[in-house]
Amino acid sequence: MKDLPKSFKRLFIVITLLALVIWIRAICQMNWAMIDVFHLLIFGLLAAVSESLPVSLPRGGYVTVGFAVFICAAILFPFGVSVSVAAIGGLFVFGKEVQGEPFYKRVFNASQFVVAICAASVVLKLTATGFSAAPLTIIIYLAAAFTYMLTNITLVAIALGVLQNKSPWFIWFGNMKWAVPNFMALVPLGLLMALIYDNYSSGGLLLLFIPLLISRHSFQLYVDMRENYLNTVEALVQALEAKDTYTSGHSERVGKFAVAVAEEIKMSDEKIVFLKYAAVLHDIGKIGVSEAILNKEGKLLELEWDSIRAHPVIGQTIIKKIKFLFDIGLVVRHHHERYDGKGYPDGIKGEEIPLEARIIAVADTYDAITSDRIYRKGRTHDEAIAELKRVAGTQLDPEIVEIFCKVVKSESTVRTVRTDQLQTA
Ligand SMILES: [Fe+2]
């Protein structure tokens, strides 16, 4: 914990102290009966098992099915029990997924669970009676579950933002997209758990816990599948970079420049991810071009040029095979079209060329001018910008060139400022 940023330490102390006050007060204010201790043991165990099987999210943090257990406990039991279940769920995690994790993480997690359960319990107080399945009560349960989720995600986003030096909002929005489907699946399960426990006690609850673990497993498979797509993209780019010495690092830089432009024109988060894949893979078709031609130092013959000009179409064909990247194929196909219609392979012009392809074309041209080649040294940033402006309106989209010049003040600005944003999927 010594090496952690001061701002995280401050946040850690505030949340932990707040949770301790809530927890101790809740325990002291309750008249504990044997049945409450029994509930605490059963639900504490379920919470610890759930929290021991986390599924990592792409922007840091993770989700577990513990949410359903916490909500169920908050609905059924007095505050002292539900808040203790949340604390146990955070502190007593076990298994290989959490092995080697620093202890402060457990303390922080337990604390933010306690704070989130406290926020949810405030909403639950709106129900005058005990547990029931009346429509209005169900709405209150849903509102309480939503309050829990919001508090939980907000605290995690602030902590991750401070720890990783990223914008908490960026993490918050990214993780909300993952957390909402998880929430939709787990809230009904939490309510069902409450209903079954109320009618059939712990035996029925254990039966329901199995589908809960299956739902967690399905979510894990989905996250793994996304990860596999990213690995496929990386493997494809590495295969190309091993073949063509110039391309080494080029794809990644084009990706960074393209994302910088996309952010400036406020492209949606999802489209930016799509553009990043397309930019990184734009030259993948060069896999189908002979190494002797790609690395040739002298002038190329017309036949050799034909072979190079085939790479956008070959690239589209390769990418088409991967279902997830299907749309990207079209952008890869058109990244050598010219704004005046004199490009290849289809000779389309202006806005007929997909926006993403026009952005990649500008980024690609800039990087080609500033990169060192075997036969010449790369030109400076100012020279490259002057060249982009010269060909704006003929080879390149003038509007995109203007935005590019605004965003890329110098090579170093983009290369340092944007790296952190590209590490996320
Ligand atoms: Fe290309």
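We now turn to the structure provided with this report. (Residues numbered from 1 in each chain as written. Predicted model: local features only at pLDDT ≥ 70, side-chain atom pairs only at ≥ 80, totals over all residues. Heavy atoms only, no water.)

**Observations concerning the coordination of the iron ion**
Reference values for coordination geometry: four tetrahedral donors around a metal ideally subtend 109.5 degrees, six octahedral donors ideally subtend 90 or 180 degrees. This is how it is decided: The donor definition counts N, O and S atoms within 2.8 Å of each metal and applies 3.2 Å to Na, K and Ca; water is not among these atoms, so some sites may look incomplete. Here a site with four donors is tetrahedral if all angles are between 85 and 135 degrees, and a site with four or six donors is square planar or octahedral if opposite donors are over 155 degrees apart and the other angles are between 65 and 115; anything else gets the irregular label. For helices the rule is a DSSP run of H or I covering at least 4 residues; for strands it is a run of E covering at least 2, with both sets numbered from the N terminus onward.
Bound to the iron ion on the protein side are Asp283 (OD), His311 (NE2), His335 (NE2) and His336 (NE2), at distances that span 2.1 to 2.3 Å. Between the four donor atoms coordinating the iron ion, the angles at the centre fall across 87 to 177°, so the site counts as irregular. When the donor residues of the iron ion are listed from N- to C-terminus, their spacing reads D-x27-H-x23-H-H. Highlighted residues: His311 in helix H12 (residues 311–320) and His336 in the loop between helix H13 (328–333) and helix H14 (355–370), separated in sequence by 25 residues.

**Brief notes about empty space enclosed by the protein**
Rule in force here: Here a cavity denotes grid points, spaced 1 Å and computed from the protein atoms alone, that fit a 1.4 Å probe unable to get out, and a pocket denotes an open set having protein on both sides within 12 Å along at least 5 of 7 lines; residues with an atom within 4 Å of a point are the lining. Grid points are joined across faces, edges and corners, and a volume is the space filled by probe spheres set on the points. Gly is put with the polar residues, along with every residue not named as nonpolar or charged; the nonpolar set is Ala, Val, Leu, Ile, Met, Phe, Trp, Tyr, Cys and Pro, and the charged set is Asp, Glu, Lys and Arg.
Considering all chains together, one arrives at two cavities of 30 Å³ or more under this definition. Roughly 50 Å³ of internal volume is contained in the second largest cavity. Considering the residues around the second largest cavity, the lining is formed by His334, Glu337, Arg338, Tyr339, Ile353, Ala357, Arg358, Ala361, Gln395, Leu396 and Asp397. When grouped by side-chain class, the residues that make up the lining of the second largest cavity number five nonpolar, two polar and four charged.

**Examining unusual backbone geometry**
Following Tyr344, the chain continues into Pro345 via a peptide bond in cis, with omega recorded as 5°. Summarising the element assignment, Pro345 is placed in the loop between H13 and H14. Of note in this structure, Lys266 is not a glycine but carries a positive phi near 60°. Mapped onto the elements of the fold, Lys266 is located in the loop between helix H8 (250–264) and helix H9 (269–281).

**Digging into the side chain of Ser371**
Let me state the cut-off plainly: Burial classes follow relative accessibility: with a 1.4 Å probe on protein chains only, a residue under 20% of its type's maximum area counts as buried, one over 50% as exposed, and anything between as partly exposed. Here a polar contact means two N or O atoms within 3.5 Å. Within protein one must be a hydrogen donor candidate and the other an acceptor candidate, and residues neighboring in sequence count only if both atoms are side-chain atoms.
Position of Ser371 among the secondary structure elements: in the loop between H14 and helix H15 (381–391). With relative accessibility at 8%, the residue Ser371 sits in the buried group. At 3.2 Å, the side chain of Ser371 and the side chain of Arg253 are in polar contact. Engagement of the side chain of Ser371 in a polar contact is seen with the backbone oxygen of Asp367, the distance being 2.5 Å.

**Section: helix H6 (residues 135–164)**
The condition is simple: The length a helix should cover is 1.5 Å for every residue beyond the first.
For H6, with 30 residues, the first-to-last C-alpha span of 43 Å sits near the 44 Å given by 1.5 Å per residue. One or two steps after H6, the chain reaches Asn165, where phi turns positive at roughly 55°.

**Thoughts on the pattern of salt bridges**
Spelled out, the test is: In the sections that follow, a salt bridge refers to a side-chain nitrogen of Lys or Arg positioned within 4 Å of a carboxyl oxygen of Asp or Glu.
Applying the stated criterion to the full structure yields ten salt bridges. When the shortest N-O distance is used, the salt bridge between Asp397 and Arg358 registers 2.7 Å. In this pair, Asp397 is assigned in the loop between H15 and helix H16 (398–407) and Arg358 in helix H14, connecting sequence segments 39 residues apart. The class for Asp397 is buried, based on a relative accessible area of 5%. Three or more residues are tied together by salt bridges with common partners; here these are Glu302, Asp306 and Arg309.

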